[in-house]
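Secondary and tertiary structure notes
In case you want the letters, here they are:
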Amino acid sequence: MVYTISIGSNEHRKDNLALARRRLSELFPGIRFSKEEETKPLFFRRPNLFSNQVARFASNDREAEVTSRLKAIEREAGRTPEEKKQEIVRLDIDLLSCDAIVYKPEDLKRDYILRGLEELEQQS
């Protein structure tokens with residue numbers, strides 16, 4: 001199965017994206033990452049910019065196991081429900097799709113995601 005994920009952070013962005021890349025590379029050898037892209041917050045009043053990336057990897061793990069691993073990385077970066085309410089996103093890793101199954105159709109329409117997907121396509 002081929003998984004596509006998005007990674008984002010608006011707090012200690014460089015460190016948290018580096019942590020995500022390191023952990024994801026350990027869990028999913030062969031993962032490919034698009035370059036980081038800085039974006040303005042879409043739905044937050046908090047003005048902090050986001051750093052975002054898209055990644056793709058193959059795994060025989062089921063969606064629930066992959067999601068569990070992604071959420072564990074978020075927690076390792078210090079993400080808490082309390083901070084989410086304050087619009088602090090230390091690390092957000094979302095499962096966008098697995099093969100032909102799309103989990104986040106609205107996210108797949110965002111410009112920075114489309115650019116990241118295009119970059120990943122050119123890498124393959």
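Predicted model only: the values in this text are computed from it and were never measured.

**Notes on the pattern of salt bridges**
- The final tally for this structure, using the stated rule, is 16 salt bridges.
- R90 is the partner of E83 in a salt bridge, and the nearest nitrogen-oxygen pair spans 2.7 Å.
- Classification of E83 by relative accessible area gives buried; the value is 15%.
- One salt-bridge network, in which partners are shared between bridges, spans K71, E74, R79, D92 and D94.

**Focus on the pairing of strand β5 (residues 92–98)**
- In terms of burial, β5 is largely enclosed, as six of its seven residues are buried.
- Where strand β1 (residues 2–9) lies against β5, six bridges are found, and the strand directions are antiparallel. What sits directly across from I5, in β5, is L95.
- In this structure, β5 lies alongside strand β6 (residues 101–102), joined through two bridges in antiparallel fashion.

Conventions adopted
Residues numbered from 1 in each chain as written. Predicted model: local features only at pLDDT ≥ 70, side-chain atom pairs only at ≥ 80, totals over all residues. Heavy atoms only, no water. Salt bridge = Lys/Arg side-chain N within 4 Å of Asp/Glu carboxyl O. Buried < 20%, exposed > 50% of the residue type's maximum accessible area, 1.4 Å probe, protein only. Helix = DSSP H or I, 4+ residues; strand = E, 2+ residues; numbered from the N terminus. Pairing = 2+ DSSP bridges.

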